[in-house]
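Report on the structure
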Amino acid sequence: MPAEPSLSRRLGVGDAVVIGLGSMVGAGVFAVWEPAAQAAGSGLLIGLALAAVVAYCNAASSAQLAAVYPVSGGTYVYGRERLGEWWGFAAGWCFVAGKTASCAAMALTFATYVVPGTEWLQRLLALAAVIALAAVNYRGVTRTARLTRILVACTLTVLALVLVVLFTGEPHRDLPSLAGTSPYGVLQAAGLLFFAFAGYARIATMGEEVGDPARTIPRAISIAVLVAIGIYLAVGVALLRVLDPASTAAPLAAAVDTVGAAWASPIVRVGAAVASLGALLALIAGIGRTALAMARNHDLPGWLAAVHPRFQVPHHAEIALAVVVGILVLTTDLRGVIGFSSFGVLLYYAIANASAFTQPADQRRWPRALNVIGLVGCVVLAVTLPWTSAVTAAALLALALIVRAVRTGRAGSARS
């Protein structure tokens, strides 16, 4: 049989870090604070700390696994190798379904900041963004890394400006007291905030395109997660010194207005739009490669396993993803599905932690305790998300498992 086409290893540590940061420091840093603050109240920073701990544990597990299995697919591959095909399938399905919704959410967030208040124009602009960034991914992963580097640099520049404005201005309120904080609300806020942290998976899912993966992937994931945690902590503290983030859907823009720097509000709006594009670009790259891995194992249609002979990208998977996301941005209001996406991603990382726990001593870079903390944390945060999101995501996963069981049974009957 001819050799299975493979992707090209073109990415170094710097490229991998910016792809991860492009996903983590994206639209979430501009938009996630309102729902999280509404859930946690004065315990917002505790929720952020919990999300950061779970994110770091998950990142350690992902890095440890990716160093041993440096191929496209992330936890879909790790679950298959360490726990069995069914666990891998569940991880892959959770990732593809949850992150496809995230793609649409990022596209709509971008459009909302660019053209506020005009829904039909927002949807058309969101569709244009999906098509344009899918085309960038189609042309090759080095172009993806280069554009992501530019977008991340712009986003970090805007955030640095905002933080300087907020920290040099007079605080308008004391940091809130923790009296009366609801533990359940804090956990739910942590689950919602985790939505913004989860971009480091993109580094692992692109493992087949990273040079010297055993060294590059663990370093890139650790650096990206620690930088993102620092940024989110700084933003959270800065916001709480100025206003109640639960009071507005655009807290960063409102915060600079509150300290008398209205001139910075348009910059924040542009920064949010650029961050959304960076996150969308990295999401498209990661989902396409997970779909490629699943198609290679016949868990998705085989047509999706094609690799472009010139650009060496999973072009069929990326085309299919662009079509699905395009339909979603034209027909669906995705602001209510952040919980759905978080639920799927948390289950995905729960399987990653379980997979890393089974690795032998010669493959370990961190103690098993981190895997246990990450696994328990993922499950706890998932079940404390809004129940409608959790039930919907769980029902779709159950349906996917049933369909796979039927297909497997039919294939077995045909062979016999």
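Notes on the structure follow. (Residues numbered from 1 in each chain as written. Predicted model: local features only at pLDDT ≥ 70, side-chain atom pairs only at ≥ 80, totals over all residues. Heavy atoms only, no water.)

1. Some words on the nonpolar core
Counting residues in hydrophobic clusters, the biggest one holds 138 residues, and the most contacted among them are Phe30, Trp33, Leu166, Val235 and Leu280. For this core, the leading source of residues is helix α13 (residues 265–296), giving 17 residues. Among residues more than four places away in sequence, those in contact with Leu280 are Cys103, Met106, Ala107, Ala129, Val130 and Leu133. (Core = buried A, V, L, I, M, F, W, Y, C linked by side-chain atoms within 4.5 Å. Buried < 20%, exposed > 50% of the residue type's maximum accessible area, 1.4 Å probe, protein only. Helix = DSSP H or I, 4+ residues; strand = E, 2+ residues; numbered from the N terminus. Contact = heavy atoms within 4.5 Å.)

2. Things to note about the packing of helix α4 (residues 44–68) against helix α11 (residues 213–240)
Look at α4 against α11: their axes get within 9 Å of each other, and the N-to-C directions meet at 175°. In terms of orientation, α4 and α11 fall into the roughly antiparallel class. Partitioned by chemical class, the residues of the contact of α4 with α11 number 21 nonpolar, two polar and no charged. (Axes fitted to C-alpha atoms, helices over the stretch in contact; angles between N-to-C directions. Parallel < 35°, antiparallel > 145°, perpendicular 65-115°, else oblique. Nonpolar A, V, L, I, M, F, W, Y, C, P; charged D, E, K, R; others polar.)

3. What to know about helix α7 (residues 119–138)
Taking 1.5 Å as the rise per residue, α7 with 20 residues should run 28 Å; its terminal C-alpha atoms sit 29 Å apart, in good agreement. Residues of α7 that are buried include every one of Gln122, Arg123, Ala126, Ala129, Val130, Leu133, Ala134 and Asn137, and no others. All buried residues of α7 project into a common sector of 125° when viewed along the axis, lining one side. Opposite the buried face of α7, at more than 90 degrees from it, the exposed residues are Trp120 and Ile131. (Expected span 1.5 Å × (residues − 1). Arc of directions from axis to C-beta.)

4. A closer look at the environment of Ala63
Mapped onto the elements, Ala63 comes out in helix α4. Residues Ala63 and Ala356, spaced 293 residues apart in sequence, show a C-alpha to C-alpha distance of 9.4 Å. Not counting chain neighbours up to four residues away, the residues in contact with Ala63 comprise Ile217, Pro218, Ile221 and Trp366.

5. Some words on a nonpolar patch on the surface
On the surface, Trp120, Leu121, Leu124 and Leu330 cluster together into a nonpolar patch covering about 390 Å² of accessible area. The element contributing the most residues to the nonpolar patch is α7, with three residues. (Patch = residues over 30% accessible without salt bridge, like charges linked within 9 Å, V, L, I, M, F, W, Y side chains within 5 Å. Areas by Shrake-Rupley, 256 points an atom, 1.4 Å probe, with all protein chains shown as cover. Salt bridge = Lys/Arg side-chain N within 4 Å of Asp/Glu carboxyl O.)

6. Some words on the environment of Arg139
Structurally, Arg139 can be placed in the loop between α7 and α8 (141–168). Accessibility expressed as a relative area gives 36% for Arg139, which makes it partly exposed. In the structure, Arg139 is positioned 176 residues away from His315 in sequence and 8.9 Å away in space, judged by C-alpha atoms.

7. Observations concerning the pattern of salt bridges
Once the charged atoms of two side chains with opposite charge are near each other, the side chains can pair. Tallied over the full model, the rule gives three salt bridges. Between Arg404 and Glu85 there is a salt bridge, with its nearest N and O atoms 3.4 Å apart. Taken together, the positions of Arg404 in helix α17 (residues 387–415) and Glu85 in helix α6 (residues 85–114) put the pair 319 residues apart, joining distant regions of the chain. According to the relative accessible area criterion, Arg404 is buried, its value standing at 9%. Here Glu85 falls in the partly exposed class, since its relative accessible area comes to 44%. Within the structure, one salt-bridge network assembled from shared partners comprises Arg80, Glu85 and Arg404.

8. Some points on the packing of aromatic side chains
Think of a pair of aromatic rings as described by two things: how far the centres are apart, and how the planes are tilted against each other in angle. Per the counting criterion, the structure on display carries six aromatic pairs. Ring plane angle 45° and centroid distance 5.0 Å describe the contact between Phe197 and Tyr232, whose orientation is recorded as tilted. Of the two residues, Phe197 is situated in helix α9 (residues 183–197) and Tyr232 in helix α11; the sequence distance between them amounts to 35 residues. Tyr232 shares its class with Phe197; the two are buried. Seen from their ring centres, Tyr348 and Tyr349 are 5.1 Å apart, and the 85° between their planes marks the pair as edge-to-face. Neither Tyr348 nor Tyr349 differs from the other in exposure class; each is buried. Grouped by ring-pair contacts, the aromatic residues Phe95, Phe194, Tyr348 and Tyr349 constitute a single cluster. Here the basic side chain of Arg368 rests over the ring of Phe357, its NZ or CZ set 5.4 Å away from the ring centre. (Phe/Tyr/Trp six-rings, centres within 6.5 Å; stacked < 30°, edge-to-face > 60°. Lys NZ or Arg CZ within 6 Å of the ring centre and 35° of its normal.)

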